[in-house]
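What follows is each chain in one-letter form.
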Amino acid sequence: MNTDLIALQAQLRDFMNTKVIPRESEFVGHFGLEKIETVRSELQAEGRKSGLWLPHLPKELGGLGLPWVDAYKLFIEAGRSMLGPQAINIAAPDEGNMHLLHVVANEAQKERWLMPLVRGEIRSCFSMTEPPPGAGSDPSMLQASAVKENGVWKLEAKKWFISGAWGAAVTLILAKTIEGATIFLIPMNHPKIHLKRVIPTLDHFSPGGHCELDFDGLELTDDDVLGEPGKGFDYAQIRLDPARLTHCMRWLGVAMRSLEYAEGYALSRSSFGKKLSDQQMVQQMIADSHIEIFASQTMIEHACGMLDRGERVRHQASMTKVFVSEAVNKIIDRSLQIMGSTGISEDYPVSSFYKEARPFRIYDGANEVHRMSIARRAFRRAAERHT
Ligand SMILES: Cc1cc2nc3c(=O)[nH]c(=O)nc-3n(C[C@H](O)[C@H](O)[C@H](O)COP(=O)(O)OP(=O)(O)OC[C@H]3O[C@@H](n4cnc5c(N)ncnc54)[C@H](O)[C@@H]3O)c2cc1C
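Because the structure is a prediction, the values reported are computed rather than measured. (Residues numbered from 1 in each chain as written. Predicted model: local features only at pLDDT ≥ 70, side-chain atom pairs only at ≥ 80, totals over all residues. Heavy atoms only, no water.)

A look at the overall build of the protein chain
Helices and strands together make up the secondary structure of the protein chain, namely twelve helices and nine strands. Dimensions of the protein chain, computed from the C-alpha atoms along their principal axes, are close to 80 × 60 × 45 Å. In the protein chain, which comprises 387 residues, the proportion classed as buried is 53%. Taking contacts inside the protein chain between residues at least 6 apart in sequence as the whole, the part at least 24 apart equals 72%. Surface accessibility of the protein chain: about 17,700 Å² in total, with carbon and sulfur atoms responsible for 55%. Of the side chains in the protein chain, 45 bear a positive and 48 a negative charge, and the two mean positions are spaced by 3 Å. (Helix = DSSP H or I, 4+ residues; strand = E, 2+ residues; numbered from the N terminus. Buried < 20%, exposed > 50% of the residue type's maximum accessible area, 1.4 Å probe, protein only. Contact = heavy atoms within 4.5 Å. Areas by Shrake-Rupley, 256 points an atom, 1.4 Å probe, with all protein chains shown as cover. Lys, Arg positive; Asp, Glu negative; His and termini not counted. Charge placed at Lys NZ, Arg CZ, Asp CG, Glu CD.)

Written as structure tokens, this is what we have:
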């Protein structure tokens, strides 16, 4: 590992320990979205001057320009707190949206939306999922539609579970058009976007919550189209391949920190005449968690190498997402179990991590759907071998 990266990791660990993790105590019990917004902007003020801002984005965008095989280590480190990715501007959904805008947006769109996102001045959201009978796991069920007449697009859509929508400045929205699925870029203060509700959910740490939105006959121009009409699903994939992996990185940080609390507890707590750390069933839980962390890191690093070489990682990102999301949930669950009632309390963040991590098996594609896609690809290859 190069010495610059070791120094950056140490710097980020120090930043997390001194600036970020101490703020977690403000989030015990009930807190609102306003609170997250305030702490987020205060931490970003620190993050901007920390020299750790946007490690993976090119230097011309104000990032550190690190390759993924290096940047992923910083994503894991920042992931040790739910607030860490916010502080250095690598949190979802902005991080995935910045990547997509960087790759696909035209110069005017980059100036209007990408640059303020990069500077952390605004937030964004990505509107794809719809209430039944619209698109969820199956994107071909997309109901949102935009029809073009006399040069003006008219958009009708109902979307829900849109992370970050409350307080976001812009949404990327997927709708069907005559050309196929198309992504539009729309300011969230548009008078015909109705934020119906912030949906009450199991998790609480997403800035802007998860929202239900109606898009009620918005009139849009070609300037609001991202890239080419009809390429929306391709663009969604450009966003999702790295975005699935970065979710894995951030959640792995959470799992590692949970395990550290469990190890500390097991070393200090005795039961039936010996330390918990000497109880074999506890040892098994600790060992299984370390095995899963190592396997997760290895999968992420492999996929990062592919990203750096410009290779498509769709299959590998799917496999990594399934494995890591399940591993992370198991590791946090075991950690909480080892800590007994202490794990359930809010004296430690493990109980909060338990709630926050559960949705990861559903979003970015439910794990069952990834398994279906992985198996389909495997059978396609098997069929080719047999012809
Ligand atoms: C916390 C959170 C944040 C989110 N953020 C966003 C966001 O920012 N933007 C956005 O557009 N969406 C977002 N989503 C939505 C998310 O992408 C969808 O929940 C996900 O795609 C699944 O769609 P669905 O909820 O409609 O489930 P459904 O499609 O109704 O599926 C329900 C369940 O059925 C099972 N299932 C479905 N298909 C199959 C299959 N082929 N084989 C086996 N089992 C299957 C799976 O277990 C799945 O969980 C978010 C969701 C959550 C929970």
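Thoughts on helix α6 (residues 107-118)
Turning to α6, its buried residues are Q109, K110, W113, L114, M115, P116, L117 and V118. The secondary structure elements touched by the buried residues of α6 are α5 (94-104), β1 (124-127), β4 (170-177) and β5 (180-187). N-capping of α6 is provided by N106, with a side-chain oxygen placed 3.2 Å from the backbone N of A108. Following α6 by one or two positions, G120 has its phi on the positive side, about 75°. (Polar contact = N/O pair within 3.5 Å; in protein donor to acceptor, adjacent residues only side chain to side chain.)

Let's talk about the site of the ligand
In the region of the ligand, 17 residues are neighbours, and F126, T129, S137, F161 and S163 sit closest. One of the side-chain nitrogen or oxygen atoms of S137 is found 2.8 Å away from an oxygen atom of the ligand. Within the side chain of E368, one N or O atom sits 2.9 Å away from an oxygen atom of the ligand. Considering the ligand on its own, with 980 Å² of exposed area, one finds that the protein chains cover 64% of that surface. Only β1, β3 (152-163) and α12 (367-385) provide two or more residues apiece to the shell around the ligand. (Near = heavy atom within 4 Å.)

Considerations on the domain arrangement of the protein chain
In terms of domain boundaries, the protein chain breaks down into domain 1 (3-118), domain 2 (124-230) and domain 3 (233-385). Counting residues at the interface gives 21 residues for domain 1 and 23 residues for domain 2. Interface area for domain 1 against domain 2, summed over the two sides, is near 1,800 Å², with a carbon-plus-sulfur share of 73%. Interface area lost by domain 1 to domain 2 is led by L33, Q109 and W113, which between them contribute 30%. Put simply, domain 1 and domain 2 have zero salt bridges between them. Taken together, the links from domain 1 to domain 2 amount to four residue pairs in polar contact (both at pLDDT 80 or more). Its residues assigned to classes, the side of domain 1 that touches domain 2 comprises 13 nonpolar, three polar and five charged. (Domains from an automatic or database assignment. Buried area = accessible area lost by both parts, 1.4 Å probe. Salt bridge = Lys/Arg side-chain N within 4 Å of Asp/Glu carboxyl O. Nonpolar A, V, L, I, M, F, W, Y, C, P; charged D, E, K, R; others polar.)

Some details on the side chain of T182
Relative to the helices and strands, T182 resides in strand β5. Within polar-contact distance, the side chain of T182 engages the side chain of T177 at 2.8 Å. Those residues in contact with T182 that sit more than four places away from it in its chain are I173, L174, A175, T177, V225, P229, G230 and G232.

Considerations on α12
With 19 residues, α12 extends 27 Å between its outermost C-alpha atoms, agreeing within 8% with the 27 Å of an ideal straight helix rising 1.5 Å per residue. Those residues of α12 not exposed but buried are N367, H370, I374, R377 and A382. An end-on view of α12 places all buried positions within 140° of arc, on one side of the element. Relative to its buried face, α12 has exposed residues pointing more than 90 degrees away, namely E368, R376, F379 and R380. Packed against the buried residues of α12 are α7 (232-268) and α9 (314-338). (Expected span 1.5 Å × (residues − 1). Arc of directions from axis to C-beta.)

Some points on unusual backbone geometry
In this structure, the amide linkage connecting A92 to the following residue, P93, adopts the cis form with an omega of 0°. Mapped onto the elements, P93 comes out in the loop between α4 (84-87) and α5. The backbone of L54 sits at a positive phi, close to 45°, despite the residue not being glycine. Unlike most non-glycine residues, D364 shows phi in positive territory, near 60°. On the accessibility criterion, D364 (14% relative accessible area) is buried.

Focus on the packing of helix α1 (residues 3-20) against helix α3 (residues 68-78)
Two numbers describe a pair of packed helices, the interaxial angle and the distance between the axes. The interhelical angle for the contact between α1 and α3, taken along N-to-C directions, is 15°, at an axis separation of 10 Å. With respect to α3, the element α1 is oriented roughly parallel. Between α1 and α3 the crossing geometry is right-handed. For the pair α1 and α3, the contacting residues are L5, L8, Q9, L12, R13 and M16 in the first and D70, K73, L74, E77 and A78 in the second. In terms of residue class, the contact of α1 with α3 is built from six nonpolar, one polar and four charged. (Axes fitted to C-alpha atoms, helices over the stretch in contact; angles between N-to-C directions. Parallel < 35°, antiparallel > 145°, perpendicular 65-115°, else oblique. Left-handed = near helix turned anticlockwise from the far one by under 90°.)

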